Amino acid sequence: MAFLGQEEQIRELQNQFKYVYTLLFLGFSLLICRLVYLQIFKGDQMRHFSEENRIKRVKIPAPRGMIFDRNRNLLVDNRSDFDLEIIPQYLKESKQEKKVISLLSEMIQVPENIIQKEYLKHKNQPSFIPIKIKTNLSWKEVAQIELKKIDMPGVEVRQEIRRTHLFGEISAHLLGYIGEVNSSELPLLNKIEKKYRLGDQIGRFGLEQKMEDILRGEDGEEIKEVDALGREKLEKNRNDILKRSFGKEAIPGKNLILTLDQDLQQVAVKAFGEKIGSVVAIQPQTGEVLVMVSRPSFNPTTFSRGISAQIWNQLIKNENHPLRDKTIQDHYAPGSVFKVVTAIAGLEEKVIDEHTTFHCPGKLKIGNRVFHCHVKHGHGDIQLIRAIAQSCDVYFYRLAQKLKSVDDIAKWAQILGLGKKTGFPLAGEVPGLIPSEAWKKNRYHQDWTAGETASVAIGQSFLLLTTLQLANLYSTLSNGGSLFRPFVVKRIETAEGDLIQEFKPEKMGKVDCQPKTLDLVKQGLFQVLNAPFGTAYRYRIPGLEMAGKTGTVQVVRLSEERLFQSCHLLKPEDRHNAVFVTFAPVEEPKIVIAVIAKNACRSSEAAAIAQPIMIEYFKKNDPSTHSKINTKSVSSGNLLRVDLKEEEAQNENYQPAPPSPDIPLYPPFQSEPTGENP
Amino acid sequence: MTYSSIESPEPQSDSSHQAPVGFVEEDLKKSHWILLILEFILFGIGIWNLMSATGVQNKSLGLYKTQLMWFSIGLLVTVFSSFIHYSLFSRWAYFLYFSNLILLGLVLLVGKASLGAKRWLSLGPLGNMQPSEFMKISMVICLAKYFESDPNLQGYRLKDLLLPGFLCALPAFLIKLQPDTGTALILLLTCASMILFMKVQKRTLLLLTFSVFIALPFIYQFALEPYQKQRIISFANPQADSKRSGYNAIQSMIAIGSGQIFGKGYGQGTQSQLRFLPEHHTDFIFSVFSEEHGFVGCLLLITLYSLFMVQGLSIAYQSNDKFGVLLAFGIMMIFFWHIFFNMGMVMGLLPIVGVPLPFLSYGGSALLTSCLGVAILTNIARKKSMF
């Protein structure tokens, strides 16, 4: 029975086989379909992925362009050093952590537990991110590690290029610094073209920032065949073939040759000492910037491989703002050096001429307020040239009263290129401020007062100028009215030294005024340094035909008695700013120097900075003029104050006779106006 | 050849001699030879492929030799098994089942741990053995025996399936504890295939299907380890976590896909040679093969496996003994689920669970089990043909 039943049962089971074969068919068909999809439809893509897998692309960072000064002194260079890194992912997979670390410790002379500690410290970050174990490896260490690399999976020697500023903090603001690209910037940077990767270096300040596209090179790529542990396969021939066919050489960035003179920069920084402020020197015939110093400064090299939070905080918290470029990013009330603009406005608006005489009793009441002259007892009767030379405030108050409004001064200030950016190729330049009636109305909803016009006339009130603008203004005055765009990059060259672009002086315009106007002003500026009564007579460099103007600018409003008390009794931040602008030689000026020394009280402090720069300039560029300079006084140290005895002796020689002829005049002026008025 | 000492389960041998089920003796003779030849071909491919897969690693350079040794043992088992009648398994079915169950328990107690799982029992100088591999065969023997002795012409109802269900669940649970999800899964799939192969009432079938669907989310929530959940998540979206659990799946798909039509050539598979493929000599051996031999090679391999399956199933079909039919069918289902699951998972169709590919994956116990399976099949085929 049972066995007959079994036959039945077997038949029944045999009936089930159709389902079994169906299952078999469906199962294998599914697998084949998947294979068709993976190997035939997606084959190319998968092949590409597998190539990517075994080929490690190693970035060869392109060196950034170097920066030279006008004499081809190297200022910014790339110095490479080597770091030791561990990639935990590969090390973990090899399961030889202990062995590798002890091997490493022997090679780099770092105790095992310190490596272990560093290694564990980064435990929580993704394991493919390299951990830096040691920086600045020696050549011997690099060689040893490279030799043993096959036994140490996950150990890498990384070449890092450190942007090095050879002169440290000198020229730091102009040259600028670099930093690493962070993830939030990437989308914007790579909007047009994929150029940057996370961690790439990018210019952050100064020329490094402005000239980023030029300085940055094109990274190269090395192709290496690696296994899943990241180890290179040691088949050298194959790697060479790979490198040849797929690798890419790094193209170095382009070099910059500046108009800057690093020797003058050094002299300027030395002259500045501990003082705070800025100095700009320009070639008035071209607009080339020779000196651009902002103090205090910082060392940009510390930025190039990631600045430490500590140093950064120190820089940020320093109340003297070492990170600000005080030549273009800060503006100040110019003070008396602005009087030349008022003079030009007066002359051109025909409210005065060289003979117009005002009486200076030492103060002048305008409206309800008494305006003081810096000389308590006044200058007496005074005319334009002498008013400039002696920096008589009352003369300019009176001149301001004669003008229709402050807009006359504003008009001429603008003609002279003030109140707007000079167009200097650095980021963050501020335009300064030339106030007008409309401006005040708009800004403060108040009417302009006559007193404010008087303040503007002597360079105070709302007026703001950058050091660069000041230098540029005097450059225009000294060269006969040509307005140049100041520039600092002279040439762009390839790494091999082939010229790519050369920058020529760019004349932005010519001041449309009578030649005589500029001559009169220049005459005044000449006397500032050369007439015994000139405010900067003591700062002249004997033998050099200098002209210029001093200024001491009140930082806070002072009461009458405090006005004349010694500035050094004031709180440091309330002390006057010292301003000094000078150019030489007066006839055909070759250099204009503008100095603003913050809270330095006396313009002599600013003059002391300008003098050594001036002397160094002529020493380097015009030996014949330099030889005429009284070397005895040159060697006299920080501020070249012409010896008092000598000064007195000169004063004795000087005959205080008729007003005009005895004033030392420089030749061209002497021939014309004095000819008219003998 | 003598097996007179073993009592045939069917005393009325003449009725079966008449071959009522319609098998042809010649066919069966051919079948088991073809099956053996296919086994040799597949194993040959396996060794050849293993030599490529492990070629770069010095420490595992000799792996294929170990594999060859295991295969020789497997052949000895095949030869030896031809001296016994498979009905012996029918008698010893429950003994085999429970002793294997004890071994599984022992694994949990004194087993050798590797890669976070206890799967091996140390056999001293003989190496290690994996009881869970042999459990698959013991399980099939046990179920074949159970269903043979419990005929149910009306079709099985749910309550009839409770005991066999329990017999399956017990070893599956022990294996799952090791943990070895792959083997447990294969075991359950094989048992389910065998149960469905029997006549199950439609109502019961519907009920079972329904309850499996109900149970799935609970299994996911409570029965799976976090790493397994992660694998399922990364299976659904491998790119989401390409460095961790999705890594294997992606690298495997890249390996297979990059083989394209003709493959990269023997020994040229960069994915495996450069060790981007994990476990490339065991579970991911098919990826190595497909990378180096491409679609053409894979098609050939799958054809060989299909032929192997068809031959094995035809032995089951032609057996005139219910135990033989069930035993052969169960063993072929072990093979089928191994092949399907392994290939499916390396191709990214199924989540990654450790399932070796018969004859190709490195591993002694698995190879021995496969050999044993084929030995039993030839045994079934030859014993029938002798009547």
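Definitions and limits used
- Residues numbered from 1 in each chain as written.
- Chains lettered and ligands numbered in written order.
- Predicted model: local features only at pLDDT ≥ 70, side-chain atom pairs only at ≥ 80, totals over all residues.
- Heavy atoms only, no water.
- Helix = DSSP H or I, 4+ residues; strand = E, 2+ residues; numbered from the N terminus.
- Buried < 20%, exposed > 50% of the residue type's maximum accessible area, 1.4 Å probe, protein only.
- Contact = heavy atoms within 4.5 Å.
- Areas by Shrake-Rupley, 256 points an atom, 1.4 Å probe, with all protein chains shown as cover.
- Salt bridge = Lys/Arg side-chain N within 4 Å of Asp/Glu carboxyl O.
- Pairing = 2+ DSSP bridges.
- Axes fitted to C-alpha atoms, helices over the stretch in contact; angles between N-to-C directions.
- Core = buried A, V, L, I, M, F, W, Y, C linked by side-chain atoms within 4.5 Å.
- Phe/Tyr/Trp six-rings, centres within 6.5 Å; stacked < 30°, edge-to-face > 60°.

So, on to the overall build of chain B. Secondary structure assignment for chain B yields 14 helices and three strands. Buried positions account for 57% of the 387 residues belonging to chain B. Taking the contacts inside chain B whose residues are at least 6 apart along the sequence as the reference set, 75% of them involve residues at least 24 apart. Working note: accessible area of chain B is about 16400 Å², and carbon and sulfur atoms make up 68% of it.

Attention now goes to the pattern of salt bridges. All names here are of chain A. Evaluation of the coordinates by the stated rule reveals 27 salt bridges over all chains. Across the salt bridge formed by E208 and R163, the nearest N and O atoms sit 2.7 Å from each other. One end of the pair, E208, is in helix α9 (residues 206-210); the other, R163, is in strand β5 (residues 155-165), with 45 residues separating them in the sequence. In this structure, K490 engages E288 in a salt bridge whose closest nitrogen and oxygen atoms are separated by 3.9 Å. Of the two residues, K490 is situated in strand β17 (residues 489-493) and E288 in the loop between β10 (276-282) and β11 (289-295); the sequence distance between them amounts to 202 residues. The class of K490 is partly exposed, set by a relative accessible area of 21%. Residue E288 is classed as buried on the basis of its relative accessible area of 8%. Salt bridges here are not isolated pairs; linked through shared partners, they connect R72, R491, E493, E502 and K504.

As a further point, take the sheet that holds β11(A). Whenever strands of a sheet pair, they do so through backbone hydrogen bonds, lying parallel or antiparallel. Residues and elements named next belong to chain A. Strand order in the open sheet made by the five strands is β11-β10-β22-β21-β20, with antiparallel pairing throughout. With partners counted over all chains shown, the strands left at the sheet margins are β11 and β20 (547-553), one partner each. When strand polarity is set aside, the average angle formed by the axes of neighbouring strands in this sheet is 5°. Relative to strand β22 (residues 591-598), strand β21 (residues 577-584) is paired through seven bridges, and the arrangement is antiparallel. Among the inter-strand pairings, V581 is bridged to a residue of β22, identified as A594.

This part takes up the environment of L13(A). Of note, L13(A) is situated in helix α1 (residues 2-41). Apart from residues no more than four positions distant in its own chain, L13(A) is found in contact with F197(B), M198(B), K322(B), V325(B) and L326(B).

Residues Y395(A), Y474(A) and L477(A) are the most contacted members of the largest nonpolar core, which totals 126 residues. Here this core gets nine residues from one element, more than from any other, and that element is helix α23 (residues 603-621) of chain A. Those residues in contact with L477(A) that sit more than four places away from it in its chain are V340(A), I344(A), L416(A), L518(A), V521(A), K522(A) and L525(A). Grouped together as the second largest cluster of nonpolar side chains are 117 residues, M46(A), F71(B), V288(B) and L304(B) included.

On to the packing of aromatic side chains, then. Enumeration over the complete set of coordinates arrives at 34 aromatic pairs over all chains. Between F298(A) and F303(A), the ring centres sit 5.5 Å apart and the planes meet at 70°, which makes this aromatic pair edge-to-face. Classification of F298(A) by relative accessible area gives buried; the value is 3%. Aromatic pair F308(B) and F359(B): ring centres 5.7 Å apart, planes at 85°, arrangement edge-to-face. Here F308(B), found in helix α12 (residues 285-318), pairs with F359(B), found in the loop between α13 (322-346) and α14 (364-386); they are 51 residues apart in sequence, far enough to count as distant.

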